[in-house]
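Architecture at a glance
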Amino acid sequence: MSYEATSHDIQLFRESLAIQLADIPSDELREESCSPDDATCSRFLRARKGQIPAAVSQYVEAEKWFKEVNIDTILEEPDINESIYQQYCPHANLGYDREGRPIYFERTGAIKLPEVLKILTPADLVTRHIRQQAIALSRLEDSSRRMKKPVEKQVILLDLKNLSLRPDSVGLSIFKECIRIDQAFFPERLECFFFLNSPWIFRPLWAIVRPWLDPVTKRKFHVLGSKYQEELFKLIDKDQLPPEFGGTANYEFPHVRPEVTRDDSFARIPTSDYDEALRPRLSAPTATGAYAPLDEVAQPSTPSLTLLNGSLPTQEKPLPFDLNALCKPIEAPKSTQF
């Protein structure tokens, strides 16, 4: 049975927090660090399954880290590598599920990591992930105001079509670090994580990743093949999905654009054929996660998605890389749910 924080638990959380914060210099924290709202207290308590000292310690470390990376202002300046990400890492922040949770799309299978690493460093990619999480936080706050209820979690869709047959330990190390950051500093921010068009080559990679995740978090991940639409439609309306994903939204998801260079001005997708009036619940699809006007009130509630384990195609040929060598330098991050 899942844990839910009580008002008494939240009160004990705040009392323990006040004691811990008394010994921390104020310049190491954000202004709001001393007064978390009930929803924030509950998130950290759920992440630590009701263990108050552990939840408070994780919250304090997260607040220190938020101050260190300037999470509140990180989006005020544009990313100098924006055109590079749009060229090599096609993605979009747009759309919501039926409960108002924001959706992040990415063509992960189209990313050619060796080419990316000729231009950017692994640290650049991790920083980009932090910026993406800041976008998600902004969208969650905005959606909460629009839905007139707390919206705390996001939905992530990664399209693995054309995934490289030769993944390397650098890519896994970057993904591991992103998971560590999410589990440590963004607990209880994930509703569902879908891997779409998963090829047989993804089976051994998923076997590496699974042990890094908290058991609760594992149940939020869905590894699906090419017949994934039915699972998506349990959570997301068709007008929130591009046509290639079985939806009816009137925009085209971005593809890799090899003609773009660092110095080019990048026109964000989609073009002027995007009609806000036809899709009032669809966010303005920009790389910064900005919103289009939303006139609708909260949508009717629907049953939560039943978490099912997706199936992968059967492996039909030997792996084109040494799995043991691939795993050797990777250590699992400390487990806590996100």
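These numbers were taken from a predicted model, which means no experiment stands behind them. (Residues numbered from 1 in each chain as written. Predicted model: local features only at pLDDT ≥ 70, side-chain atom pairs only at ≥ 80, totals over all residues. Heavy atoms only, no water.)

Looking at the packing of helix 6 (residues 122-147) against helix 7 (residues 169-185)
One way to put it is that helix 6 packs onto helix 7 with a least axis distance of 10 Å and a crossing angle of 35°. For the element pair helix 6 and helix 7, the recorded crossing hand is right-handed. Along the contact surface, helix 6 presents P122, L125, V126, H129, I130 and Q133, while helix 7 presents V170, I174, E177, C178, I181 and D182. For the contact of helix 6 with helix 7, the per-class residue count stands at 8 nonpolar, 2 polar and 2 charged. (Axes fitted to C-alpha atoms, helices over the stretch in contact; angles between N-to-C directions. Helix = DSSP H or I, 4+ residues; strand = E, 2+ residues; numbered from the N terminus. Left-handed = near helix turned anticlockwise from the far one by under 90°. Contact = heavy atoms within 4.5 Å. Nonpolar A, V, L, I, M, F, W, Y, C, P; charged D, E, K, R; others polar.)

Here's the deal with the sheet that holds strand 5 (residues 221-223)
Read across the sheet, 5 strands follow the order 1-2-3-4-5 without closing on themselves; strand pairing throughout is mixed. In this open sheet, the two edge strands, each paired with only one partner strand, are strand 1 (91-96) and strand 5. Each adjacent strand pair in this sheet contributes to an overall mean axis angle of 15°, direction not counted. Bridging between strand 2 (residues 102-106) and strand 3 (residues 154-159) involves 4 bridges; their strand directions are parallel. Looking across to strand 3, one finds that F105 is bridged to L157. Of the strands in this sheet, strand 1, strand 2 and strand 3 are in contact with helix 6, which crosses strand 1 at around 20°. (Pairing = 2+ DSSP bridges.)

Considering the pattern of salt bridges
Per the stated rule, a full pass over the model turns up 24 salt bridges. When the shortest N-O distance is used, the salt bridge between R30 and E32 registers 3.4 Å. Between R145 and D142 there is a salt bridge, and its shortest N-O distance comes to 3.8 Å. Here R145 and its partner D142 are both found in helix 6, 3 residues apart, which amounts to about one turn of the helix. Put simply, R46, E152, K153, E188 and K220 are held in one network by salt bridges that share partners. (Salt bridge = Lys/Arg side-chain N within 4 Å of Asp/Glu carboxyl O.)

Some thoughts on the environment of I179
Structurally, I179 is set in helix 7. When its relative accessible area of 3% is taken as the criterion, I179 is described as buried. In the structure, I179 is positioned 30 residues away from V209 in sequence and 9.4 Å away in space, judged by C-alpha atoms. (Buried < 20%, exposed > 50% of the residue type's maximum accessible area, 1.4 Å probe, protein only.)

Structural notes on the packing of aromatic side chains
One pair of aromatic rings is described through two measures. These are the centre distance and the angle between the planes. Summed over the entire model, instances satisfying the criterion amount to 15 aromatic pairs. With centroids separated by 5.9 Å and ring planes inclined at 90°, the aromatic side chains of W65 and F186 adopt a geometry described as edge-to-face. A residue pair is termed long-range when its members are at least 10 positions apart, and W65 in helix 3 (residues 52-69) and F186 in the loop between helix 7 and strand 4 (190-196) qualify at 121 residues. A single burial state applies to W65 and to F186, both of which are buried. Between F193 and F195 the ring centres are 4.9 Å apart and the planes differ by 40°, which places this aromatic pair in the tilted class. Residue classification places F193 among the buried positions, given a relative accessible area of 7%. On the basis of relative accessible area, F195 is assigned to the buried category, the value being 3%. The side chain of R139 reaches across the aromatic face of Y96, ending 5.6 Å from its centre. (Phe/Tyr/Trp six-rings, centres within 6.5 Å; stacked < 30°, edge-to-face > 60°. Lys NZ or Arg CZ within 6 Å of the ring centre and 35° of its normal.)

Points about the side chain of E106
Mapped onto the secondary structure, E106 falls in strand 2. Salt bridges are absent for the buried E106, whose nearest opposite-charge side chain, R128, sits at 8.0 Å. Within the local environment of E106, its side chain forms a polar contact with the side chain of Y104, the two groups lying 2.7 Å apart. (Lys, Arg positive; Asp, Glu negative; His and termini not counted. Polar contact = N/O pair within 3.5 Å; in protein donor to acceptor, adjacent residues only side chain to side chain.)

A few points about the confidence of the model for the protein chain
Overall, the predicted model of the protein chain reaches an average pLDDT of 78, with 74% of residues at or above 70. Every residue in residues 257-333 scores below 50 in pLDDT, and together they form 177 contacts with partners more than four places removed in sequence or on other chains. (pLDDT = per-residue confidence, 0-100.)

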